[in-house]
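Each chain is listed here by its residues.
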Amino acid sequence: MLTYTIRRFLLALLTIWAISVLSFAIIQLPPGDYVTAYIAQLASSGVDVTPEFAENLRQQYGLDSPVYVQYLKWMQQISRGNFGRSLEWRVPVLDIIGDRLWLTMAVSVSAVLFTWGLALPIGIYSAVRQYSIADYIFTFIGFIGLAVPSFLLALILMYVGFRYFGANIGGLFSPEYLQADWSLGKLWDLIKHLPLPALILGTAGTAQLIRIMRANLLDELRKPYVITARAKGMSELRLILKYPVRAAMNPFISTLGYLFPFIISGSIIVALVLGLPTIGPLLLRALVAQDMFLAGTIVLFLGILTVLGTFISDILLMWVDPRIRFERRE
Amino acid sequence: MADQIARANGQPPMLTVEGLKTYFFTDEGTVRAVDGASFEVQAGKTVGIVGESGCGKSVTALSILRIVERPGRIVAGQILLRRPNAKAPVDLALLEAEGAEIRAIRGGEIALVFQEPMTSFSPHYTIGNQIVETIQLHQDVGKEEARNRTIELLRMVGIPNPERRIDEYPFELSGGLRQRMMIAMALSCNPKILIADEPTTALDVTTQAQILDLLRDIQQRTQMSVIIITHDMGVIAEMTDDVIVMYLGRVVESGPVDEIFHQPKHPYTQALLRSIPSIFAEPRTKLPTIAGSIPHPHNRPTGCPFHPRCAEAMPGICDRHEPRLRPISEAHFASCFLYHEPEAAPPS
């Protein structure tokens, strides 16, 4: 198992490298570069730009060298912990991402917790009491949750909150904490603001997971080992939780790695609607402005997080399912 | 009937099933999986239940343990279990299916071994974990004690290296070993009755013989009652004291194994026995089969359920009247109009 883990880890590093190349290539794909966008912006505000000025800018940012040189320079800087300066914001990329990364994690984790906390029990109930009235109701609500775009849900909730409760929903902090330094009060304020984005971002995933859990568990409940356990005299609840539910967990764990990037990319519109200070809108803006160091760093971070998530879910899977552990013991 | 056998043995039966009906209420209609089955199991004896697939053997076993799954339900009948230190037997059919009382009986007093040794253990836990759990469910012992007992049980059912095997996962074991583990788990709480539902069906012939030997050996040592459910007449002949022949959810014939084999009365039993391959048979002759196939469960024949396939069916009687299980001799019963007249009024 140790050999396997080490090999997985090395493979993960290789994948991260490939992601860095790919993310750099993707950022380079659109025609033009940051200077083009910058000049267009200057021109639109009435400033006259000479070709020499543009050329100087390109040299200054190293945009005149070939793509692979740009990539190597970028990697060299990253290996020293320097992710470059944002072309648009003119500050180090890490300073921009810093807080936002943690806030994004907080929002994502609470969305995942919400999703799992709701989907697991409901999925189990729906499978055990298949075709009961409650099962039908959950199925109905689930499909609605799946079908409604989450930004629409965000808009509706904001409207309802404002119209009927006079509450200004949106953002992750109350105005008084917005510029404040981190303190226990600010943390508590954040925690109070998290449930709503978690609900909005988690609804579609919840509906999906309920269906997956229900289907998995229905398969498992028909297996002979359930009859064996029942014939032992175990109580039904304990039996279901110990045997079939554990077996039905595998797909949950194996999708853990994708959950994080899925929530971030899926949350861009929601984050814009709700005014959440997360990574999503930042990435969008960086891409539009062709701010390549910022965009590259974000894409790279997302890639690393995905690989890391997959790595963790692989290890978890081995821990949960002994069959996988033995298959991979070489 | 109960009285007669009791008199013959001088002791009330361990388990009495009387008029058991287990129906499945599906959208397509009601399936009468068990439709009025009656039989008895004597203490320390082995009873074989035999019949074709779909005759209700397994559902009978599940009914006794009260683990019939929805949409199935026991709709009528009694399942009387004699319990130690209790004057009157308890009727399992009346107990709450998920209640504490039946759960104490399940695995504690009546244990089940069934036919899928590959999948009847959960692959997520070690064998030891699953057997220890059974012991701790029914007996007030610590983990250490339960584990030692498990190792002892594994040794008893002939598993080499039990100290090591106890920590292995089911998928690391062969089918034969797994079935031994299954038997060990069933025996872990010293049940009074062991129900073995096709215990050897999925195993190769050599292993089958070993498992049957093991069951017989254990039965002699522990003096428990064994119910063997099978479609294999060879297993019946080798293992049982009494035989119950089931067809379409009903007992069509029952009696001591010698009488069933040497003087089968019901045409269905006779046909079943004819269809056993024999080493004395003429080479390259066809093995006799029973004409037709089991009727569709939603489309049961009227009268005697076997009459459409019966060579000796009497038109006007067998298709109109329902036969009942009647004595042929002291302990031998058959449900056939060849041996008794139909009752006066035919069912409308």
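Below you will find a few notes about this structure. (Residues numbered from 1 in each chain as written. Chains lettered and ligands numbered in written order. Predicted model: local features only at pLDDT ≥ 70, side-chain atom pairs only at ≥ 80, totals over all residues. Heavy atoms only, no water.)

Before going further, it helps to spend a moment on the overall build of chain B. When helices and strands are tallied, chain B shows 11 helices and 12 strands. A compact globule built from 348 residues would reach a C-alpha radius of gyration of about 20 Å, and chain B, at 21 Å, matches this within 12%. Oriented by its inertia axes, the alpha-carbon framework of chain B measures out at about 65 × 55 × 45 Å. Considering chain B as a whole, with its 348 residues, one finds that 52% of them fall into the buried category. In chain B, the share of contacts with a sequence separation of at least 24, taken over all contacts with a separation of at least 6, comes to 64%. Approximately 15,900 Å² of chain B is accessible, and the part contributed by carbon and sulfur atoms is 49%. Computing the positive centroid from 34 side-chain charges and the negative centroid from 42, chain B places the two 1 Å apart. (Helix = DSSP H or I, 4+ residues; strand = E, 2+ residues; numbered from the N terminus. Rg over C-alpha atoms; globule rule 2.2 N^0.38 Å. Buried < 20%, exposed > 50% of the residue type's maximum accessible area, 1.4 Å probe, protein only. Contact = heavy atoms within 4.5 Å. Areas by Shrake-Rupley, 256 points an atom, 1.4 Å probe, with all protein chains shown as cover. Lys, Arg positive; Asp, Glu negative; His and termini not counted. Charge placed at Lys NZ, Arg CZ, Asp CG, Glu CD.)

Let us now look at the side chain of Thr230 of chain B. Residue and element names in this part refer to chain B. Summarising the element assignment, Thr230 is placed in strand β8 (residues 225–230). With relative accessibility at 4%, the residue Thr230 sits in the buried group. A distance of 2.8 Å separates a polar side-chain atom of Thr230 from the backbone nitrogen of Asp232. Sequence-distant contacts of Thr230, that is, excluding residues within four places in its chain, are made with Ile49, Val50, Gly51, Lys57, Glu198, Val235 and Ile236. (Polar contact = N/O pair within 3.5 Å; in protein donor to acceptor, adjacent residues only side chain to side chain.)

With respect to the secondary-structure elements, Ser174 of chain B resides in the loop between α6 (162–165) and α7 (175–187). C-alpha of Ser174 of chain B to C-alpha of Ile79 of chain B: the two residues are 95 residues apart in sequence and 36 Å apart in space.

What follows is about the state of the cysteines. Residues and elements named next belong to chain B. The final tally for this structure, using the stated rule, is zero disulfides over all chains. For the unlinked cysteine Cys304, the closest cysteine sulfur is that of Cys318, found at 5.9 Å. Residue classification places Cys304 among the buried residues on the basis of a relative accessible area of 9%. (Disulfide = S-S within 2.5 Å.)

All names here are of chain B. Of all the six residues making up β8, six are buried; the element is thus mostly covered by neighbouring parts of the structure. On β8, burial covers both faces: Ser225, Ile227 and Ile229 on one face and Val226, Ile228 and Thr230 on the other are all buried. Here five bridges tie strand β3 (residues 46–50) to β8, and the two strands are oriented parallel to one another. Bridging across to β8, Ile49 finds its partner in Ile229. (Pairing = 2+ DSSP bridges.)

The next subject is the packing of helix α5 (residues 93–128) of chain A against helix α6 (residues 133–147) of chain A. Residue and element names in this part refer to chain A. As a packed pair, α5 and α6 sit with axes 8 Å apart at the nearest point and diverge in direction by 135 degrees. Relative to α6, the element α5 lies oblique. The handedness of the crossing between α5 and α6 comes out as left-handed. Judged by residue contacts, Ile122, Tyr125 and Ser126 of α5 engage Ala134, Asp135 and Phe138 from α6. Grouping the amino acids of the contact of α5 with α6 by side-chain chemistry returns four nonpolar, one polar and one charged. (Axes fitted to C-alpha atoms, helices over the stretch in contact; angles between N-to-C directions. Parallel < 35°, antiparallel > 145°, perpendicular 65-115°, else oblique. Left-handed = near helix turned anticlockwise from the far one by under 90°. Nonpolar A, V, L, I, M, F, W, Y, C, P; charged D, E, K, R; others polar.)

Rolling a probe over the atoms, with the probe sized like a water molecule, indicates the empty space that remains. Reported here for the largest pocket is a volume of approximately 1,500 Å³. Contributing to the lining of the largest pocket are 44 residues, with Arg230 of chain A together with Val68, Glu69, Arg70 and Pro71 of chain B lying nearest its centre. Of the residues in the lining of the largest pocket, the class split is 23 nonpolar, six polar and 15 charged. (1 Å grid on protein atoms, 1.4 Å probe; cavity = no way out; pocket = protein on both sides within 12 Å on 5 of 7 lines; lining within 4 Å. Points joined across faces, edges and corners; volume = space filled by probe spheres on them.)

To continue, consider the packing of aromatic side chains. This structure, assessed with the given rule, holds 12 aromatic pairs over all chains. Ring centres of Tyr131 of chain A and Tyr136 of chain A lie 6.3 Å apart, and the angle between their planes is 25 degrees; this geometry places the pair in the stacked category. Look at Tyr243 of chain A and Tyr125 of chain B: their rings are 5.3 Å apart centre to centre, the planes differ by 80 degrees, and that puts the pair in the edge-to-face class. Of this pair, Tyr243 of chain A sits in the loop between α11 (236–242) and α12 (244–248) while Tyr125 of chain B sits in the loop between β6 (110–113) and α4 (127–138), each in a different chain. We note that Tyr243 of chain A, like Tyr125 of chain B, is buried. Taken together through their ring pairs, the aromatic side chains of Tyr225 and Tyr243 of chain A together with Tyr125 of chain B make up a single cluster. (Phe/Tyr/Trp six-rings, centres within 6.5 Å; stacked < 30°, edge-to-face > 60°.)

Facing the 30 residues of chain B at the interface are 26 residues of chain A. Interface area for chain B against chain A, summed over the two sides, is near 2,500 Å², with a carbon-plus-sulfur share of 60%. Contact with chain A buries surface across chain B, with His124, Tyr125 and Glu133 of chain B losing the most and accounting together for 26% of the total. Joining chain B to chain A, the criterion identifies three salt bridges. In this structure, Lys242 of chain A engages Glu133 of chain B in a salt bridge whose closest nitrogen and oxygen atoms are separated by 2.9 Å. For the interface between chain B and chain A, the tally reads 12 residue pairs in polar contact (both at pLDDT 80 or more). At the level of secondary structure, the elements contributing two or more residues to the side of chain B that touches chain A comprise α2 (57–65), α4 and α7 of chain B. (Buried area = accessible area lost by both parts, 1.4 Å probe. Salt bridge = Lys/Arg side-chain N within 4 Å of Asp/Glu carboxyl O.)

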